[in-house]
Amino acid sequence: DVKVTQSSRYLVKRTGEKVFLECVQDMDHENMFWYRQDPGLGLRLIYFSYDVKMKEKGDIPEGYSVSREKKERFSLILESASTNQTSMYLCASSFDPRTGLRNTIYFGEGSWLTVV
Amino acid sequence: AQRVTQPEKLLSVFKGAPVELKCNYSYSGSPELFWYVQYSRQRLQLLLRHISRESIKGFTADLNKGETSFHLKKPFAQEEDSAMYYCALNMGGTSYGKLTFGQGTILTVHP
């Protein structure tokens, strides 16, 4: 069974702090994603990565950066947290090269971030 | 640019009543459409996809390319169907999994 694990479920940070959100998947998936979930706005893609050290901006990358040094791990970084980044953050992964199954993505449980 | 619209933020029905969650999309290519569901305190999970043409938990959805819609339907709603539902579009290609989501619809099924 695919497992996408987000290390922190609930975080409270101060404005201006640097924040790291970690995500690990255990299925050797090629693609990994960070989404932000807000009421009334649905899920919006922040960044995604299709290979180690490769990344592409999503729809709302401003204020965020990412890191993918190993295939199984994808980190979201808020260089200087602001109150408008208070949200639920969802990590996801897809594409198992062994099976060729491309079009199912698996989500983590989410990380609730509050910036005060 | 692609877009997914779910016109209803909230939908309430009584147990046993039919339910339809609306989804419209705009995309110039051949889309792949999905419905995802998030039950209370659980992770977002795939409910169904249009290419499978399957019925999951009694739900079905048909892709109507003429009306650019992918509405989710169930003939007899159950209380355990209460959840947040998202319609999503995948453009395909090398960015599989790069989904565009609608705003979501909260379904509440009353006893």
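This text goes with the structure placed above it.
None of the values given here were measured: they were computed from a predicted structure. Each chain has its residues counted from 1, running along the sequence as written. Think of it this way: whatever chain is written first is A, whatever ligand is written first is 1, and the rest follow in order. Predicted model: local features are reported for residues with pLDDT of at least 70 only, side-chain atom pairs are reported and counted for 80 or more only, and whole-chain, interface and lining totals are derived from all residues. Calculation of side-chain values draws on the structure's entire complement of heavy atoms; hydrogens and water are dropped beforehand.

**Q** I keep staring at the interface of chain B and chain A and nothing clicks. Help me out?
**A** Taken together, the contact between chain B and chain A spans 21 residues of the former and 20 residues of the latter. Where chain B abuts chain A, roughly 1900 Å² becomes buried across the two surfaces, and 51% of that area is made up of carbon and sulfur atoms. A side-chain nitrogen of Lys or Arg and a carboxyl oxygen of Asp or Glu constitute a salt bridge if their distance falls within 4 Å. Linking chain B to chain A there are one salt bridge. For B:Arg43, the salt bridge goes to A:Glu109, with nearest N and O atoms at 3.9 Å. What qualifies as a polar contact is a pair of N or O atoms within 3.5 Å, subject to a donor-acceptor requirement within protein and to the restriction that residues adjacent in sequence count only when both atoms come from side chains. Joining chain B to chain A, the criterion identifies five residue pairs in polar contact (both at pLDDT 80 or more). Mapped by element, the contributors of at least two residues to the side of chain B that touches chain A are strand 5 (32–38), strand 6 (45–49) and strand 10 (99–101) of chain B. Sorting elements by how many residues they give to the side of chain B that touches chain A places strand 5 of chain B first, with four residues. The contact criterion used is simple: two residues touch if any of their non-hydrogen atoms lie within 4.5 Å. In short, buried area is how much 1.4 Å probe accessible area vanishes from two parts on joining, totalled over both. Numbering of helices and strands runs from the N terminus; a helix is a DSSP stretch of H or I covering at least four residues, while a strand is a stretch of E covering at least two.

**Q** What is the right way to look at the pairing of strand 3 (residues 19–25) of chain A in this model?
**A** Residue and element names in this part refer to chain A. On strand 3, burial follows the alternation: Val-19, Leu-21, Cys-23 and Gln-25 on one face are buried, whereas Phe-20, Glu-22 and Val-24 on the facing-out side are not. Sheet topology note: the strand 1 (residues 4–6)/strand 3 ladder contains three bridges and is antiparallel. Paired with Thr-5 across the strands is Val-24, a residue of strand 3. DSSP-based pairing: two strands are paired if at least 2 bridges between them are found. Two strands pair when backbone bridges link them, and strand 3 and strand 8 (residues 73–78) are joined in this way by six bridges, in the antiparallel orientation. Pairing of Cys-23 across the sheet is with Phe-74, part of strand 8. For each residue, the accessible area found with a 1.4 Å probe, counting protein chains only, is set against the maximum for its type, and the residue is called buried under 20%, exposed over 50%, and partly exposed in between.

**Q** Hey, could you run me through the side chain of B:Lys74 in this one?
**A** Residue and element names in this part refer to chain B. Tracing the sequence through the fold places Lys-74 in strand 8 (residues 72–74). Since its relative accessible area comes to 10%, Lys-74 is described here as buried. Dropping the residues within four chain positions of it, Lys-74 is found in contact with Ala-17, Pro-18, Val-19, Lys-57, Gly-58, Phe-59 and Asp-81.

**Q** What is the right way to read the sheet that holds strand 7 (residues 60–61) of chain B from this model?
**A** In sheet architecture, strand pairing relies on hydrogen bonds along the backbone and comes in two forms, parallel and antiparallel. Residues and elements named next belong to chain B. The strand order across the open sheet formed by three strands is 3-8-7, and the pairing between neighbours is antiparallel. Edge positions in the sheet fall to strand 3 (19–21) and strand 7, since each of these pairs with one other strand and no more. Both strand 7 and strand 8 contribute to a ladder of two bridges, which runs antiparallel. Residue pairing across strands places Thr-60 opposite Lys-73, the latter belonging to strand 8.

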